[in-house]
Amino acid sequence: MAQDSTAQSSRRKRRTALIMLALLALVAVSVAVASHWVLQSSRARLLREMEQNMSTQAGNKVALLTVWSGTLKGQVEAFVGLDLLRLFAAEADASGIPAEKLRELALQTEEDIPPPPEALPGFAPGMPGDPTGADTIDPLDNLAPRLPMMRRQLRDFVEKNSLRGAYLLNTRLEVYLAPAAAAQFSEEQRAFLAAVLESGRPVMLPVRRQDGELVMDMAFPLFAPLYVDSSGKRVVSILVATYNVLPVAKAITRTDAGGMFNSGILQSRGQDVQLINPAARSGTLDLPGWRLDGGRLPLALRDEPATGGREVRAYTLALPVPGMPWLVMQSVDAAQAEAQYAGFRKNVLLAAVLVTTLAGIVLVALWWWLVGRHERAVADQMRRLYLVVNQQKQIMDGVNSALSAGIVLNDLSGVIYYVNQSYARMAGLSVDQLRGLPYIQLPPDLARSLVTHTLTVHQTEDMASFTEALPVDGGTRHFLTACSPFRDDKGRMSGVVSVYSDITELVLAQERAQYMITQTVAAFVRSIEAVDPYLCGQSTFTAQLSVTLAYCLGLNDAETLATLRTAASLSQVGMIQLPRELLTKTGALSGEERALLERHVEYARHALTGIDFGLPVLEAITQMFERLDGSGYPEGLKGEQICFNARILAVANTFCALLRPRSYRMAHTVEQAIAILNETPRKYDPQVVRALQGFLQTGQGRDFLQKLRAGAGGDAGDNGEESESPSDRERNGEQAEEGGVRA
């Protein structure tokens, strides 16, 4: 029996050991799969970050080359657009004179070339019936006197723009005018020049080595003038400008201590590319196997040439330069780029070994627990420790659940690790349902909020706060959300903690306060319009027009628009304290009456000083009656002393007033109002007046005019269509100068 019991015990131990070994193998496989996934994810992230950094560096160099090439092209295009050059080229093309003959004559001085025969009075050279026989003049006689002059202009163009050379070619691709010796073009270059004749568009030729320098040829078509060819599309000549690109290539090209190109310029040859190397004998290096994809060179691991004729394995990418057959290349040594990854891979593999070893130890301990009492006692002690930790966790969960603010912790991929009860109520789910839930399974608004917080904090790795409105329990609640990074024991950011504080009552209180201010402004406007029936609607139209002009001027920020709208509405508040008979007087004002009238600004300042608008409303109201030439009131400010909001209000208020009738005049026409605003010396900001004129030409402007005239209504009788008496016209002109009060 004892032997049987011992044998059964041995069999149980062997069976348990086999089970432990199987579990250990399963753990090892799982750790290997997880390690592979982590390494692949890390490598992909490293490549993305490296591509972003390299693209930024290449983009900066592309911007520099774009500005440089644009300036260079602009210089050449301005020259080929000269009518004198185009006419000369058209005549040279039509003459059929050999290119060598034209070059020979161009080398002579202007005194050595006889002038063309003169025609008799009444006849131009070459006209049929010219008695001198000028109608049979050799074309060479007309071109010869101008050849030295055109050669001199071509030389001046080369010297002025620091070119290596410039040549005029005929349609047979022969050089017929050059500042020095004529250039010789290879068959490859002639193919590019032929493309200029066929397409009529400029072409940049490949970079080549010439006299120890790197040069680039730019071929631009010369079109016949319209009075020679009405289509304006016939190419009669080609201007080839040669530019030294060695300084540009040296400025862009960078190599490290090992001779590897960290940056450089590539030139495309179809789908193939060449590296422009200032140190190479030919000036370029072929890059076999490098292929463009959509006009650019995507990030990839390639064999890159280095100094000494060797090759270096490197990550490279290249971005195209707009308008040029060039690309800017950035590269990073593969060994250098993968050094960080190699260290991370080593740590992952070491961690995998440690985890597998730890799993083996745990399984051995478990096996020992299964076969011995001592192991069971240890397990019992661990269970008691777990109970203590779990109890502490429940206490913390209870504290967080009692908070009114919602708390959520998520990792950088958006998976929720922890939430309290308040956040669970916001999401409409239980705490257990939310734990481990990806953000995409949250309600849409909460998901967007979580993504915004994660991205912002991840980019800055610092605390951030947001004010946002979220739907909760069928209504909208406003929250002030404080977000902070969650770091592991090594200080690395692993997640984001967001605390949602409900500020709905505060937001509603602010909205009520804003509503009260709006109602107060409306009450002021009604009080103003009750004083003078001619002011009815003036504040409303001025507010609409000033806001529109601000949009036209690009001032569409909320503060500016709110300032203009409120200031326009309250601009006439000082009129309440003026005598009614003064506002409705039909005749001209005396000096004392005018001084009393201008005190409405002072009354407005006293009435509005105690109101906190939170905006520069009072400044705009007190300055809108000032004029650029200092003729305004109350302070006589000039030019830039007047704030821009007040200058916008001055134009809008005066224009609306001029187009509406008053007690002392009829309504002005649009043309008369614009003429008054444009009078010199300038009283109104010309920039704002131009914006007004542009707005009036639009459909929205015409609708506004129609509403403005309709608003003038029956108060004006015939709305100014009857002719005015001389005294009325004189008074209208005087009041228009006053700008707004009696405009």
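The model shown is predicted, which means the values in this text are computed figures rather than measured ones.

(A) Examining helix 6 (residues 187-199) more closely. Taking 1.5 Å per residue, 13 residues should reach 18 Å; helix 6 reaches 18 Å between its end C-alpha atoms and fits that length. Residues of helix 6 that are buried: Gln189, Leu193 and Val196. Burial along helix 6 is one-sided: seen end-on, the buried residues are contained in an arc of 45°. Opposite its buried face, helix 6 presents the exposed residues Glu187, Ala191 and Glu198, each directed more than 90 degrees away. On its buried side, helix 6 packs onto strand 1 (165-169), strand 3 (203-204), strand 4 (208-210), strand 5 (213-223) and strand 6 (235-244).

(B) Expanded view of empty space enclosed by the protein. Under the criterion given, the structure shown has six cavities of 30 Å³ or more. Put simply, the second largest cavity is a space of about 80 Å³. What lines the second largest cavity is Ala89, Ala92, Asp93, Gly96, Ile97, Leu102, Asn170, Arg172, Tyr176 and Val236. At three residues, the largest contribution of residues to the lining of the second largest cavity is made by helix 2 (residues 83-95). When its residues are assigned to classes, the lining of the second largest cavity shows six nonpolar, two polar and two charged.

(C) How the structure looks around the pattern of salt bridges. Considering all chains together, one arrives at 17 salt bridges under this definition. Note that Arg86 is salt-bridged to Asp83, the shortest N-O span being 3.7 Å. Taken together, the positions of Arg86 and Asp83, both in helix 2 and three residues apart, correspond to about one turn of that helix. Here Glu91 and Arg146 are joined by a salt bridge, their closest N and O atoms 2.0 Å apart. Note that Glu91 is positioned in helix 2 and Arg146 in the loop between helix 4 (139-143) and helix 5 (147-160), a separation of 55 residues in sequence.

(D) Quick look at the pairing of strand 17 (residues 475-487). Relative to strand 17, strand 16 (residues 464-472) runs antiparallel, the two being bridged by nine bridges. From the neighbouring strand, Ala464 faces strand 17, where its bridge partner is Cys483. Hairpin connection, strand 16 to strand 17: the antiparallel pair is bridged by two residues, and Asp473 has positive phi, about 55°. Bridge count between strand 17 and strand 18 (residues 493-502): nine bridges; the pairing is antiparallel. Looking at strand 18, one finds that Ala482 is bridged to Val499. As consecutive antiparallel partners, strand 17 and strand 18 are separated by five residues, and within that stretch Gly491 has a phi angle of approximately 80°, a positive value.

(E) Spotlight on the layout of surface pockets. Of the pockets and cavities examined, the largest pocket occupies roughly 1300 Å³. As for the largest pocket, its lining consists of 26 residues, and the residues nearest its centre are Arg45, Glu49, Leu412, His458 and Met493. Looking at the lining of the largest pocket, the elements with two or more residues in it are helix 1 (2-80), helix 12 (444-460) and strand 18. The dominant element in the lining of the largest pocket, judged by the number of residues it contributes, is helix 1, at nine residues. Here the residues of the lining of the largest pocket are counted per class, giving nine nonpolar, nine polar and eight charged.

(F) Region of interest: the sheet that holds strand 16. Overall, antiparallel pairing links the five strands, which are arranged 15-14-18-17-16 in an open sheet. Only two strands of the sheet have a single partner each, and these edge strands are strand 15 (416-419) and strand 16. Each strand of the sheet is rotated relative to its neighbour by a mean of 25°, with strand direction disregarded.

(G) Quick peek at the packing of aromatic side chains. Counted according to the given criterion, the structure contains ten aromatic pairs. Arranged with centres 4.1 Å apart and planes meeting at 10°, the rings of Phe79 and Phe157 form a pair that is stacked. With a gap of 78 residues between them, Phe79 in helix 1 and Phe157 in helix 5 connect regions that are remote in the sequence. Take Phe79 and Phe157: they sit in the same class, and that class is buried. For the pair Tyr167 and Phe185, a centre-to-centre distance of 6.3 Å together with 85° between the ring planes defines the contact as edge-to-face. Of this pair, Tyr167 sits in strand 1 while Phe185 sits in the loop between strand 2 (175-177) and helix 6, and the two are 18 residues apart along the sequence. The exposure classification of Tyr167 matches that of Phe185, with both residues buried. Cation over ring: Arg302 sits above Trp290, and NZ or CZ is 5.6 Å from the ring centre.

Cut-offs applied
Every chain is numbered independently, its residues counted from 1 as its sequence is written. Thresholds applied to this predicted model are a pLDDT of at least 70 for local features of residues and 80 or more for the giving and counting of side-chain atom pairs; totals over whole chains, interfaces and linings are not thresholded and use all residues. Water and hydrogen atoms were dropped before computing side-chain values, which therefore reflect all heavy atoms in the structure. Labels follow the DSSP assignment, with helices taken as runs of H or I lasting at least four residues and strands as runs of E lasting at least two, numbered in each case from the N terminus. Helices are assigned an expected span. That span is 1.5 Å times one less than the residue count. Any residue under 20% of the maximum accessible area for its type is buried, any over 50% is exposed, and the rest in between are partly exposed; the area is computed with a 1.4 Å probe on protein chains only. This arc corresponds to the set of directions leading from the helix axis out to the C-beta atoms. The contact criterion used is simple: two residues touch if any of their non-hydrogen atoms lie within 4.5 Å. Cavities and pockets are defined on a 1 Å grid built over the protein atoms alone: a cavity is a set of grid points where a 1.4 Å probe fits but cannot escape, while a pocket is an open set with protein on both sides within 12 Å along at least five of seven lines, and lining residues are those with an atom within 4 Å of any such point. Grid points are joined across faces, edges and corners, and a volume is the space filled by probe spheres set on the points. Three classes are used: nonpolar for Ala, Val, Leu, Ile, Met, Phe, Trp, Tyr, Cys and Pro, charged for Asp, Glu, Lys and Arg, and polar for all others, with Gly counted as polar. Salt bridge, as applied in this entry: a Lys or Arg side-chain nitrogen positioned within 4 Å of an Asp or Glu carboxyl oxygen. Two strands qualify as a pair provided DSSP detects at least 2 bridges between them. Axes, fitted as lines to C-alpha atoms, cover a helix only where it is in contact. Angles between the N-to-C directions of the axes lie from 0 to 180 degrees. Within 6.5 Å between ring centres, the rings of Phe, Tyr and Trp (the latter by its six-membered ring) count as paired, and their orientation is classed by plane angle as stacked under 30 degrees, edge-to-face over 60, tilted in between. Any Lys NZ or Arg CZ that is within 6 Å of a ring centre and within 35 degrees of that ring's normal is treated as a charge sitting over the ring.

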